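Fold and geometry: a report
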Amino acid sequence: MSVVCKSSWASWLFAVAMLLVVATAARELRAEEDFAHEPIMPGLDVPTFVESPATLFLWNSNRSISGGPPSRDEPLASDRPDFTESSTTVGRGVAQVELGYTFFSDVEGGVRTHSHSFPEMLWRIGMFADWFELRVAYNAGTGLAIAQPLGTFTASGSEDLYLGAKIGLTPQQGFLPEMALVPQMTIPTGSSALSAGKFLPGLNWLYGWDITDRLSCGGSTQMNKAVDDSGALYLEVAQSMTVGVGLTDRIGFYAEWFFLTHTAAIQAQTEHYLDGGFTFSVNYDLQLDIRAGIGLSEASDNYFAGTGLVRRF
């Protein structure tokens, strides 16, 4: 028990230290941007700041360009609540935090499990250019397994710290999608009950289309190193597709399908899910959300439900 607590405290301290670093970096970037817009001489407003490109590349197309980071007079673009993350970065000088809670329930082989995931904290920091975003995530969880007549078993603590970078690759031009690439990894800082105990790298390819002003769709293809219950390393592949609908100027709805499959895994099995949810824009810089989903395969959790919020700074 002492090992779990020490590891949990260490991961908490490490997460807080990382958040302080990225928040300071974002503040410095915003300060530099504001300074660059100051007049060179009184009464002469000549901006010296040069806008960075919204994406790293452009399609070889003469179609009009859309997408890229939203401006401050537009609603924020979040990576939650769906499994499919946005193909848009937050933009240079912007800091955005995304938080949430999810409840999972499953019954398999006579064992009923309930688990809680929180705070699902993801910091997204726009740095260097509009197309580059630093990502730091921290999460913890508790799990309860009821196996009659053996009794009840619990596990709780911090999960491994997540580090990544989202790189905006292309804008949308006609039917050619907006795309982003996220090299990512988890660092073994979590408690012994929940940590993988290894550095696990991965890659997430994101793509999306705005079909109309109120209808959009997107998807993601992920490949991540993972560890199963036996301690064996394997490659986890995830695929998702989502459709989003703007019901009003403030309320959005999404429906999504995603699956997780595994190569050369000893114990892990393929999981399929169907989920949906709503978002509510309190203002351009604050969003609330709810979601729920069901498992479609035997290895999946029976259902999950959660809520969260997003704040842009």
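Note: the structure precedes this text.
Because the structure is a prediction, the values reported are computed rather than measured.

Across the two faces of strand S15 (residues 303-312) the burial differs, with Phe-304, Gly-306, Gly-308, Val-310 and Arg-312 buried and Tyr-303, Ala-305, Thr-307, Leu-309 and Arg-311 not buried at all. Relative to S15, strand S2 (residues 95-108) is paired through 10 bridges, and the arrangement is antiparallel. Bridge pairing in S15 links Val-97 to Arg-311. Where strand S14 (residues 286-295) and S15 come together, 9 bridges link them in antiparallel fashion. Residue pairing across strands places Ile-290 opposite Thr-307, the latter belonging to S15.

Note that side chains of opposite charge can pair when their charged atoms are close. Inspection of the entire model under this criterion finds 12 salt bridges. The shortest N-O distance in the salt bridge between Arg-80 and Asp-289 comes to 2.8 Å. With Arg-80 in the loop between strand S1 (65-66) and S2 and Asp-289 in strand S14, the pair connects residues that are 209 residues apart, well separated along the chain. Judged by its relative accessible area of 10%, Arg-80 is buried. A relative accessible area of 3% places Asp-289 in the buried class. Note that Glu-133 and Arg-124 form a salt bridge whose closest N and O atoms lie 2.8 Å from each other. According to the relative accessible area criterion, Arg-124 is buried, its value standing at 0%.

Another point: unusual backbone geometry. Between Arg-80 and Pro-81 the backbone carries a cis peptide bond, its omega angle lying at 10°. Mapped onto the fold, Pro-81 is located in the loop between S1 and S2. In this structure, Pro-119 follows Phe-118 across a cis peptide bond, with omega equal to -5°. Positionally, Pro-119 belongs in strand S3 (residues 111-126). Unlike most non-glycine residues, Phe-128 shows phi in positive territory, near 70°. Tracing the backbone shows Phe-128 in the loop between S3 and strand S4 (132-147).

So, about the packing of aromatic side chains. Two measures describe an aromatic ring pair: the distance that separates the ring centres and the angle between the ring planes. This structure, assessed with the given rule, holds 12 aromatic pairs. Aromatic side chains Trp-131 and Phe-132 sit 6.4 Å apart centroid to centroid with 85° between the ring planes, which places their arrangement in the edge-to-face category. Overall, Trp-131 belongs to the partly exposed group, its relative accessible area being 22%. Among the residues examined, Phe-132 registers a relative accessible area of 18% and is labelled buried.

Procedures and definitions
- Along each chain, residues carry numbers from 1 onward, in the same order as the chain's sequence is written.
- Residue-level local features of this predicted model are given only where pLDDT is at least 70; pairs of side-chain atoms are given and counted only at 80 or more, and the full residue set underlies all totals for whole chains, interfaces and linings.
- Side-chain numbers come from the whole structure's heavy atoms, not from hydrogens or water.
- Whether a residue is buried, partly exposed or exposed follows from its accessible area with a 1.4 Å probe, protein chains only, as a fraction of its type maximum: under 20%, in between, or over 50%, in that order.
- Under the DSSP-based scheme used, a helix requires at least four consecutive residues in state H or I and a strand at least two consecutive residues in state E, with every element numbered from the N terminus.
- Strands qualify as paired when DSSP identifies two bridges or more between them.
- Criterion for a salt bridge: a side-chain nitrogen of Lys or Arg within 4 Å of a carboxyl oxygen of Asp or Glu.
- Two aromatic rings from Phe, Tyr or Trp, using only the six-membered ring of Trp, form a pair when their centres are within 6.5 Å; if the ring planes differ by under 30 degrees the pair is stacked, by over 60 it is edge-to-face, and anything between is tilted.

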